[in-house]
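Understanding the architecture of this molecule
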Amino acid sequence: MSNVILFNLTTFLFGVASALYLGALYAKNEKIGVFGTWVCILAAVVSTAALGVRWYESYQMGIGRIPVTNLYESLVFFAWSVNLFYLVVEWKYRNRTFGAFVMPIAFFTMVFAVYNDSSIQPLVPALQSYWLHAHVITCFVGYAGFAVSAGVAIMYLLKARQEEAKISKGVVGLLPPCKVLDELVYRAIIWGFPFLTVGIITGAAWANYAWGTYWSWDPKETWSLIIWLIYAAFLHARVTRGWHGKRAAILSIVGFLATIFCYLGVNLVLSGLHSYGGG
Amino acid sequence: MADEKRTPSPMDRVWDFFISVRLAIFTLIVLASTSILGTIIEQNQPPEKYHQIYEDWAFALLDRLNMFDMYHSVWFLLMLVLFTVNLSCCTIDRFPRMLKVVRNPRTKLDENLEKSLSLSDRWKKKGTLQEWAGKYSEALSSSFAKPKVTEVDGQVHLYAETGVASRFGVYVTHLSIIIIFIGAIFGNVAGFKGYVNIPEGDAITRVPVRGGTQVQDLGFTVRCNAFSLETYPSGQPKAYKSDLSVIEGGREVVRKTIVVNDPLQYKGIWFYQSSYGQAGGVTAQVTVARKDGTPVNTLALAANEPVPIEGYGIVRGVDYSENFQGMGPALQVVVEKPGQPAASFWLVRGRPDLDRQRADSLAFSFGGLSSKMFTGLQVAKDPGVNIVWLGCALMVIGLIMAFFLSHQRVWVRLAQGTDGRVEVVLAGSASRNRLAFEKRFEKLQTGVKATGQ
């Protein structure tokens, strides 16, 4: 199907963009980075078109529904969100070094997606609800924010180690100063956190409408709460002396690892109400 | 002050413990990490299942720690209580101070305040204090916010602010969590959750409560008229439908076909499509009519189950054939009349009139086989749920206030200089997102400076 071809092209473009950003960093050549930005923009256009085409094709099959309902679709939607989130960050901070740390996340997500079943399947009765749209979209925008934050947190840890040793050579020397990175780790989370919160709330509202309980401590629900608690801890750490910078960066990375587990691990390892996400 | 040198009393220490943000971080991380356990150990399974997985000593230990229902265990609830107490104490400690600052802002730009602000500028102007105070007031009103004017010691101070609400964001968010907890507790106490299976054609007035032996009286009757299962052409399930009636005072008051994601609600009690299955065995539908064709009865014959017909005899369905003598599906029945030998004959579904040729007072026709289904319904009453949604809405509002608003303050001080000119100082600060405020301040700076030229 043509949507899958477009998604494969997107995977390729994300790979190229990641390579260009990394290359720009190593070669200390801004021009390569500019090229990377254009590839990212092209990937954004192609992947948006792919989502649209997939949506349209589902209607042609007579089972029209939004393309965010199984593992393959959620992976490509996540990568799509990360790419857009990254482009906004790059545009706002006018710095391309983030790309080397964030775009590989989008690329490897797509590579993982390619190995999953990409066929369009009809919705099981449990998923036939308007809550689906609000719930999935808000959750994934939240996840994308956390992905960007974790990528920048890694940059922060690299840079902080170098700043402590008072060297500014090499690739790490090109990264923005710690202050800027710390701020961006935080800003990505203050975008991700409200979206995750709305994601959890819409999930609860939907669960209440479908099953009569807004919270049943199902593994997926519990893991989403775990992520929420970790980022809540992060937000409080930011305003506490001694919890700045390094510890906050580590919390951001831990938070993203928990996010990945909530997203994939719960479906692949644990059992529960979200079993359809694993297919 | 003398107070500060005194060693803190035990009460103060306890209070300081509960108002610390460190405790909040600690509680959040401990809640997060212990919550993981309940996702690894499956919750609320029958004991036999746990015995299969765990050694006896491990089972005993986990059971002792309530690990098989950990989210409702005393220790987990105590952590939630600690979390709530911490949250409340922080609010009690900080909210009044913040309110005071908001109500009585520092409207005067004194030397100390000026030094503490990173964004400031100063210049001189020819003219009078009042004249420039008026002009700058207007400039601030149009490009920032209407300033408060204070005259003190021959100086004029202008103070303007926007986004004060951002200071309340954190309190709204914290309050929302407490409201959600209140809603959850209220719902648990005043509501119930149950599950019931209703076979097609049957009705219920009571529902067994989940996780207990209690039975909840509904105060009305719910009947399942029919259950149906729709599939996609590929055979995957498309919809589970239950046609339900609510009967109160002997008459039907509501009728609705519910599906997953579209429940029935009556008097605060919700019925959710949750499960389904076959109720009992397969039955054969048999219509009974007189010789002239007037219908008498419709029977649902279970295999070999005798069904009496008044003034006639006993009817039994004894065999079924997919294709009886090339005529299609058929049912073999046996009729026993008092004092007569049993008669056995076949009813062909495709030839409903055939049985009239048999010498008898009644004629039968076979309408096909059908299996009776039951629908499985989750039943819930949760009067606390709207409190929970209120809390959720407040939480989102609180987060937006806290993260996306910024309390921005701008001061202007005008003083008569020794050279007869007016000395002007402009300064500003923002509670968050200082980068964005720097840009806004620069714009304001050029705008205000250019006023009156």
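Residues numbered from 1 in each chain as written. Chains lettered and ligands numbered in written order. Predicted model: local features only at pLDDT ≥ 70, side-chain atom pairs only at ≥ 80, totals over all residues.

Focus on the overall build of chain A
In terms of helices and strands, chain A carries eight helices and zero strands. Ordered by position from the N terminus, the helices and strands of chain A form the series α-α-α-α-α-α-α-α. Computed over its C-alpha atoms, the radius of gyration of chain A comes to 19 Å, within 12% of the 19 Å expected for a compact globule of 279 residues. Judged by the C-alpha coordinates and their principal axes, chain A covers about 60 × 45 × 30 Å. Put simply, chain A has 279 residues, and 52% of those count as buried. In chain A, 76% of the contacts between residues at least 6 apart in sequence involve partners at least 24 apart. (Helix = DSSP H or I, 4+ residues; strand = E, 2+ residues; numbered from the N terminus. Rg over C-alpha atoms; globule rule 2.2 N^0.38 Å. Buried ≥ 20, exposed ≤ 12 C-beta atoms within 10 Å, placed from the backbone. Contact = placed C-beta atoms within 7 Å.)

Concerning the overall build of chain B
Broken down by element type, chain B carries 10 helices and 18 strands. The C-alpha atoms of chain B give a radius of gyration of 40 Å, which is well past the 22 Å a tight globule of 453 residues would have. For the C-alpha atoms alone, the extent of chain B along its principal axes is close to 135 × 60 × 45 Å. Here chain B holds 453 residues, and 25% of them are scored as buried. When contacts within chain B are restricted to residue pairs at least 6 apart in sequence, long-range pairs at least 24 apart make up 58% of them.

Concerning the sheet that holds strand β7 (residues 237-248) of chain B
All names here are of chain B. Read from one edge to the other, the open sheet built from four strands follows the order β5-β6-β7-β8, with strand pairing classed as antiparallel. On the outer flanks of this sheet lie β5 (203-208) and β8 (251-258), each paired with one strand and no other. For this sheet, the mean angle separating the axes of adjacent strands, direction not counted, is 35 degrees. The pairing of β7 with β8 spans seven bridges and is classified as antiparallel. Its bridge partner being in β8, Val246 is matched across the sheet by Val254. (Pairing = 2+ DSSP bridges. Axes fitted to C-alpha atoms, helices over the stretch in contact; angles between N-to-C directions.)

Some remarks on the domain arrangement of chain A
All names here are of chain A. Along its sequence, chain A is carved into domain 1 (1-117) and domain 2 (124-279). A straight line from the C-alpha centre of domain 1 to that of domain 2 covers 19 Å. Each partner contributes to the interface: domain 1 provides 23 residues, whereas domain 2 provides 25 residues. At the level of elements, α1 (2-27), α3 (71-93) and α4 (99-114) are the ones that each hand at least two residues to the side of domain 1 that touches domain 2. Among the elements that take part in the side of domain 1 that touches domain 2, α3 stands out by supplying 10 residues, more than any other. For the side of domain 1 that touches domain 2, the class distribution of residues is 16 nonpolar, six polar and one charged. (Domains from an automatic or database assignment. Nonpolar A, V, L, I, M, F, W, Y, C, P; charged D, E, K, R; others polar.)

Some details on the packing of helix α8 (residues 169-190) of chain B against helix α9 (residues 385-404) of chain B
Residue and element names in this part refer to chain B. Contact geometry of α8 with α9 gives a least axis separation of 7 Å together with a crossing angle of 165 degrees. Taken as axis vectors, α8 and α9 run roughly antiparallel relative to one another. Every pair of crossing elements has a handedness; the one defined by α8 and α9 is left-handed. A breakdown of the residues in the contact of α8 with α9 according to their chemical character gives 19 nonpolar, seven polar and no charged. (Parallel < 35°, antiparallel > 145°, perpendicular 65-115°, else oblique. Left-handed = near helix turned anticlockwise from the far one by under 90°.)

A few points about the nonpolar core
By size, the foremost hydrophobic cluster in this structure holds 104 residues, and its most contacted members are Val82(A), Ala147(A), Val148(A), Val152(A), Val185(A) and Ile230(A). Ranked by residues supplied to this core, first place goes to helix α6 (residues 178-211) of chain A with 15 residues. Not counting residues up to four positions away in its chain, the partners in contact with Ile230(A) are Leu251(A), Val254(A), Gly255(A), Ala258(A) and Ala32(B). (Core = buried A, V, L, I, M, F, W, Y, C linked by C-beta atoms within 7 Å.)

Some points on the confidence of the model for chain B
Caution applies to low-pLDDT parts of the model: their predicted coordinates are not meant to be read in detail. Residues and elements named next belong to chain B. Mean pLDDT over chain B stands at 89; residues scoring 70 or higher make up 98%. Element-level mean pLDDT values for chain B span from 83 in strand β11 (residues 295-302) up to 96 in α9. Interface confidence for the predicted complex, expressed as ipTM, amounts to 0.88; the pTM equals 0.83. (pLDDT = per-residue confidence, 0-100.)

Observations concerning the sheet that holds strand β14 (residues 330-336) of chain B
Residue and element names in this part refer to chain B. The strand order across the open sheet formed by four strands is β12-β13-β14-β15, and the pairing between neighbours is antiparallel. Every other strand in the sheet has two partners, leaving β12 (307-309) and β15 (343-348) as the edge strands with one partner each. With direction set aside, neighbouring strand axes in the sheet form an average angle of 35 degrees.

Concerning the interface of chain B and chain A
On the chain A side, the residues contacting the 38 residues of chain B number 35 residues. When contributions to the side of chain B that touches chain A are tallied by element, the ones reaching two or more residues are α2 (21-40), β7, β10 (269-290), β16 (362-381) and α9 of chain B. Top contributing element to the side of chain B that touches chain A by residue count: α2(B), with 12 residues.

Here we look at the packing of α1(A) against helix α2 (residues 30-60) of chain A
Residue and element names in this part refer to chain A. For the pair α1 and α2, interaxial distance at closest approach is 8 Å and the crossing angle is 165 degrees. Overall, the two elements α1 and α2 adopt an arrangement that is roughly antiparallel. Considering the relative orientation of α1 and α2, their crossing is left-handed. Taken together, the residues of the contact of α1 with α2 break down into 21 nonpolar, seven polar and three charged.

Some thoughts on the domain arrangement of chain B
For chain B, the domain assignment lists domain 1 (2-94), domain 2 (105-163 + 406-450), domain 3 (188-280 + 374-394) and domain 4 (282-372). For domain 1 of chain B and domain 4 of chain B, the distance between their C-alpha centres works out to 68 Å.

A word on helix α5 (residues 74-103) of chain B
For α5(B), which comprises 30 residues, the first-to-last C-alpha distance of 42 Å matches the rise-based estimate of 44 Å (1.5 Å per residue) to within 8%. The sharpest bend along α5(B) measures roughly 30 degrees and falls at Arg94(B), with the proline Pro96(B) sitting one to four residues further on. (Expected span 1.5 Å × (residues − 1). Bend = angle between axes of the 7 residues up to and from the residue.)

Some thoughts on α9(B)
For α9(B), built from 20 residues, the straight-helix expectation of 28 Å at 1.5 Å per residue is met to within 8% by its first-to-last C-alpha distance of 28 Å. All of the buried residues along α9(B) are Val385(B), Val388(B), Gly391(B), Cys392(B), Met395(B), Gly398(B), Leu399(B), Ala402(B) and Phe403(B). Considered in projection along α9(B), the buried side chains sweep an arc of 135 degrees and stay on one side of the axis. Packing partners of the buried residues in α9(B) comprise α6 of chain A together with α8 of chain B. (Arc of directions from axis to C-beta.)

Quick notes on unusual backbone geometry
All names here are of chain B. Even without a glycine there, the phi angle at Asn66 is positive, about 60 degrees. Relative to the helices and strands, Asn66 resides in the loop between α4 (56-64) and α5. Assessed through the 14 C-beta atoms surrounding it within 10 Å, Asn66 is described here as partly exposed. Residue Lys267 is not a glycine yet carries a positive backbone phi of 50 degrees.

Some words on the pairing of β11(B)
All names here are of chain B. Relative to β11, β10 runs antiparallel, the two being bridged by seven bridges. Bridge pairing links Ala284 to Leu301 in β11. Between β10 and β11, which pair antiparallel and follow one another directly, the connecting turn spans four residues, one of which, Gly293, has a positive phi of 100 degrees.

Details of the pairing of β10(B)
Residues and elements named next belong to chain B. Pairing analysis gives three bridges linking strand β9 (residues 264-266) to β10, with the strands arranged antiparallel. By the bridge assignment for β10, Gln265 is matched with Trp270. Between the antiparallel neighbours β9 and β10 lie two residues, among them Lys267 with a positive phi of about 50 degrees. As paired strands, β10 and β16 are joined by 17 bridges and run antiparallel to one another. In the strand pairing of β16, Thr283 is matched with Ser370.

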